[in-house]
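Chains, contacts and geometry: an overview
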Amino acid sequence: QQQVKQSPQSLIVQKGGIPIINCAYENTAFDYFPWYQQFPGKGPALLIAIRPDVSEKKEGRFTISFNKSAKQFSLHIMDSQPGDSATYFCAARGNQFYFGTGTSLTVIP
Amino acid sequence: IAGITQAPTSQILAAGRRMTLRCTQDMRHNAMYWYRQDLGLGLRLIHYSNTAGTTGKGEVPDGYSVSRANTDDFPLTLASAVPSQTSVYFCASRHTGGEQFFGPGTRLTVL
């Protein structure tokens, strides 16, 4: 059973667009929600993270929106660039980290 | 060494053979993890260790074993490899309550 559900599986946007990746969870004991960015042939790297007592967090062009009542959170990438093309994973921390299935993002120049 | 190293980078293995994937971190993190990454399934936890001398089972532990003799090393062993263990394997580490850092991965193909 997938503890964290992620969508879409893939996403193509033009440069400057705002891709949005969504995740949903069921376990209200999760206390930390990170997003990871992974380039081909590399390990995932922490991009940005949020705790459930905060509704939004921004770091540069990356924003997490968090809806505790809906048990959903999303990643927004402002002014997307070709260099943002990568696979993005959401995750949730309980007694271990649970990962979404990933979103492959392509930003077209 | 800076961060987490994994070896080998890639490996092709005959079914039934024994294989150990190596992981070393130099950050003195107490917790270490092994994940496998498969297309469409994301990252799934195989085994973990919260501190040297202890290990635990994750979501998909069958066919794998680990040991944690010291803080820095966390090898993953496939006693008798099967084709379904073809995957990319990532080692990770963190301090309790801290961020999780991943190694560069090992691509394993079992024929």
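In case you missed it, the structure is sitting above this.
Here we summarise the structure given alongside this text. Within any chain, residue numbers begin from 1 and follow the written order of that chain's sequence. Starting at A for chains and at 1 for ligands, labels are handed out in the order in which the entities are written. Where totals are concerned, whole chains, interfaces and linings use all residues; where local detail is concerned, this predicted model gives features only for residues with pLDDT of at least 70, and gives and counts side-chain atom pairs only at 80 or more. Only hydrogens and water are set aside when side-chain values are computed; all heavy atoms of the structure are taken into account.

**A few points about the interface of chain B and chain A**
Put simply, the test is: By the convention used here, residues are in contact when the closest approach between their heavy atoms is within 4.5 Å. A 1.4 Å probe defines the accessible area here, and the buried area is the portion of it lost by two parts on being joined, summed over both. Within this document, salt bridges are pairs made up of a side-chain nitrogen of Lys or Arg and a carboxyl oxygen of Asp or Glu, the two lying within 4 Å of each other. Distance and chemistry together define a polar contact, namely a pair of N or O atoms within 3.5 Å, with one atom able to donate a hydrogen and the other to accept it when in protein, and with adjacent residues in sequence counting only for side-chain atoms on both sides. We count a stretch as a helix when DSSP gives it H or I for four or more residues in a row; a strand needs E for two or more, and each element gets its number in order from the N terminus. Put simply, Ala, Val, Leu, Ile, Met, Phe, Trp, Tyr, Cys and Pro go in the nonpolar bin, Asp, Glu, Lys and Arg in the charged bin, and everything else, Gly too, in the polar bin.
The interface of chain B with chain A comprises 17 residues on the first partner and 16 residues on the second. Here chain B meets chain A over a buried area of about 1,400 Å², counting both sides, of which 52% is carbon and sulfur. Our enumeration of links across chain B and chain A arrives at 0 salt bridges. Taken together, chain B and chain A are joined by 2 residue pairs in polar contact (both at pLDDT 80 or more). Elements with a minimum of two residues in the side of chain B that touches chain A: strand 4 (31–38), strand 5 (42–49) and strand 9 (87–94) of chain B. Top element by residues in the side of chain B that touches chain A is strand 5 of chain B. It accounts for 3 residues. Tallied by class, residues from the side of chain B that touches chain A come to 7 nonpolar, 8 polar and 2 charged.

**Considerations on the state of the cysteines**
Condition: Pairs of cysteine sulfur atoms within 2.5 Å are what we label disulfides. Each residue is placed in one exposure class: buried if its accessible area under a 1.4 Å probe, protein chains only, is under 20% of its type's maximum, exposed if it is over 50%, and partly exposed if it falls in between.
Per the stated rule, a full pass over the model turns up 2 disulfides over all chains. The disulfide partner of Cys 23 of chain A is Cys 90 of chain A, and the S-S distance across this bridge is 1.9 Å. The sign of the -95° torsion about the S-S bond sets the Cys 23 of chain A-Cys 90 of chain A disulfide as left-handed. Residue Cys 23 of chain A is found in strand 3 (residues 20–25), and its partner Cys 90 of chain A is found in strand 9 (residues 86–93); the two are separated by 67 residues along the sequence. Cys 90 of chain A shares its class with Cys 23 of chain A; the two are buried. Across the disulfide from Cys 23 of chain B sits Cys 91 of chain B; the S-S distance is 1.9 Å. Note on the Cys 23 of chain B and Cys 91 of chain B pair: the S-S dihedral is about -70°, so by sign convention the disulfide is left-handed. With Cys 23 of chain B in strand 3 (residues 19–25) and Cys 91 of chain B in strand 9, the pair connects residues that are 68 residues apart, well separated along the chain. Cys 23 of chain B gets classed as buried once you look at its relative accessible area, which sits at 3%. Given a relative accessible area of 0%, Cys 91 of chain B falls into the buried group.

**Focus on the side chain of Ser 87 of chain B**
With respect to the helices, strands and loops of the structure, Ser 87 of chain B is situated in strand 9. Not counting the four nearest positions on each side in its chain, Ser 87 of chain B is found in contact with Arg 36, Gln 37, Asp 38, Thr 106, Arg 107 and Leu 108 of chain B.

**As for the packing of aromatic side chains**
Residue and element names in this part refer to chain A. Counted only if it meets this: Ring geometry is summarised as follows: Phe, Tyr and Trp rings, the Trp one being its six-membered ring, pair when their centres sit within 6.5 Å, and such pairs are stacked at plane angles under 30 degrees, edge-to-face over 60 and tilted between the two.
According to the stated counting rule, one finds 18 aromatic pairs over all chains in the structure shown. With 6.1 Å between their ring centres and 25° between their planes, Tyr 25 and Phe 66 make a pair best called stacked. Here Phe 66 lies in strand 7 (residues 62–67) and Tyr 25 lies in strand 3, a separation of 41 residues in the sequence. A centroid spacing of 6.2 Å and a plane angle of 55° characterise the contact between Tyr 25 and Phe 73, whose relative ring orientation is tilted. Taken as a pair, Tyr 25 in strand 3 and Phe 73 in strand 8 (residues 72–77) lie far apart in primary sequence, 48 residues in all. Using a relative accessible area of 5% as the deciding quantity, one classes Tyr 25 as buried. Classification of Phe 73 by relative accessible area gives buried; the value is 2%. Grouping aromatic residues by their ring pairs yields a cluster made of Tyr 25, Phe 30, Phe 33, Trp 35, Phe 66, Phe 73 and Tyr 98.

**Structural notes on the nonpolar core**
As a rule of thumb, nonpolar side chains are buried together in soluble globular proteins. Put simply, the rule is: The nonpolar core is taken to be a set of buried Ala, Val, Leu, Ile, Met, Phe, Trp, Tyr and Cys residues, with the residues joined through side-chain atoms within 4.5 Å.
In terms of nonpolar packing, the biggest core is built from 25 residues, with Phe 33, Trp 35, Phe 73, Leu 75 and Tyr 88 of chain A touching the most fellow members. Only strand 2 (10–14), strand 3, strand 4 (33–38), strand 5 (45–50), strand 7, strand 8, strand 9 and strand 11 (103–108) of chain A provide two or more residues apiece to this core. Sorting elements by how many residues they give to this core places strand 9 of chain A first, with 4 residues. Core analysis: the second largest hydrophobic core is formed by 19 residues, Leu 13, Met 32, Tyr 89 and Cys 91 of chain B among them.

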